[in-house]
Amino acid sequence: MSELPSVTDLGHGDPWVLLHSFPIDRRMWSAQSEALASAGHRAVTLDLPGFGAAPRMTSDPPSLDGYVDAVLASLDALRLDRVTLVGLSLGGYVALRLAARAPRRLGALVLADTRAAADSPETRAGRVLNLGLVRTKGPGALIEKMLPHLLAPDAPESVRATLRAWASEQSVGGITDALLAMRDRADATETLGALRCPTLLLVGSRDTITPPAEHAAMGEAIAGARVEVIEGAGHLSNLERPTEFSEALLRWAGSRPTSP
Ligand code: MLT
């Protein structure tokens, strides 16, 4: 269906759009896209600007709004008026920003392993170190530093190897844009209370970057939200427990109320 090089469009039915985490690309959603398409949904995955096959954003300085502009342009190009938007970690930051700017485009929302709060001073300082690391030693060095935090200690070696490969293929420019956009993003907590669409929060039980307690608090702030924990998974819960993650999406899709 899509001829855009940075978009994969699978299946037919109600459209879902899945936004990836940092520092990888839309390939992270292949298991969930197939599960959604097999269950009668349409699954669109797209590379955020500067990742995978997508050109870097033009907004200067780089910002979450630069990502949102690109997602909205893709929705328009695909003639998708209203979608179920899924965002994991960086993808969740982008999804929440899109929810604030264009709530009418959301039929439903899934926020996974993410947060509404802005970076803490410690996290901002870490971004500065990571900017230096990726500029001097490249994406491979950055993913080596990040891996122990992204996955549960007993995550399969195959997932570790895939992550290394995907992250090493990303451009320094795309990664630095994302680090700056994440570092400078505003607090989005107020957006949670304004959400009016069915919302699912998913988190790995062993996510130490955006832990379950933060998802429980976000769930309290969103009217009617469902919160589910993916047992045993770390921060990249959909990669570590692909079947459980897909099943959680489909269970919720089968039971959620329709958007007002
Ligand atoms: C991600 O998985 O997208 C990152 O951990 C997000 C972040 O660094 O805040």
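The following paragraphs examine the structure supplied in this document. Keep in mind it's a predicted model, so treat the numbers as computed, not measured. (Residues numbered from 1 in each chain as written. Predicted model: local features only at pLDDT ≥ 70, side-chain atom pairs only at ≥ 80, totals over all residues. Heavy atoms only, no water.)

Taken together, Ser21, Phe22, Ser89, Leu90, Tyr93, Arg127, Met182 and His235 make up the full set of residues adjacent to the ligand. A distance of 2.9 Å is found between an oxygen atom of the ligand and a side-chain nitrogen or oxygen belonging to Ser89. Between the ligand and Tyr93, the relevant distance is 2.5 Å, taken from an oxygen atom to a side-chain nitrogen or oxygen of the residue. Protein chains shield 94% of the accessible area of the ligand, which is 270 Å² for the free molecule. (Near = heavy atom within 4 Å. Polar contact = N/O pair within 3.5 Å; in protein donor to acceptor, adjacent residues only side chain to side chain. Areas by Shrake-Rupley, 256 points an atom, 1.4 Å probe, with all protein chains shown as cover.)

This part is about the packing of aromatic side chains. In total, this model carries 3 aromatic pairs according to the counting rule given. Ring centres of Phe22 and Phe51 lie 6.3 Å apart, and the angle between their planes is 85°; this geometry places the pair in the edge-to-face category. Here Phe51 lies in the loop between β3 (42–46) and α2 (64–77) and Phe22 lies in the loop between β2 (15–19) and α1 (30–38), a separation of 29 residues in the sequence. Relative to Phe245, the ring of Trp29 lies with its centre 5.9 Å away and its plane at 50°, an arrangement referred to as tilted. Of the two residues, Trp29 sits in the loop between β2 and α1 while Phe245 sits in helix α11 (residues 242–255), which places them 216 residues apart along the sequence. Note on accessibility: Trp29 and Phe245 belong to one class, buried. The residue whose ring lies beneath Arg185 is Tyr93, and the NZ or CZ to ring-centre distance is 3.8 Å. Taking the ring centre of Trp252 as reference, the NZ or CZ of Arg256 above it sits at 4.8 Å. (Phe/Tyr/Trp six-rings, centres within 6.5 Å; stacked < 30°, edge-to-face > 60°. Helix = DSSP H or I, 4+ residues; strand = E, 2+ residues; numbered from the N terminus. Buried < 20%, exposed > 50% of the residue type's maximum accessible area, 1.4 Å probe, protein only. Lys NZ or Arg CZ within 6 Å of the ring centre and 35° of its normal.)

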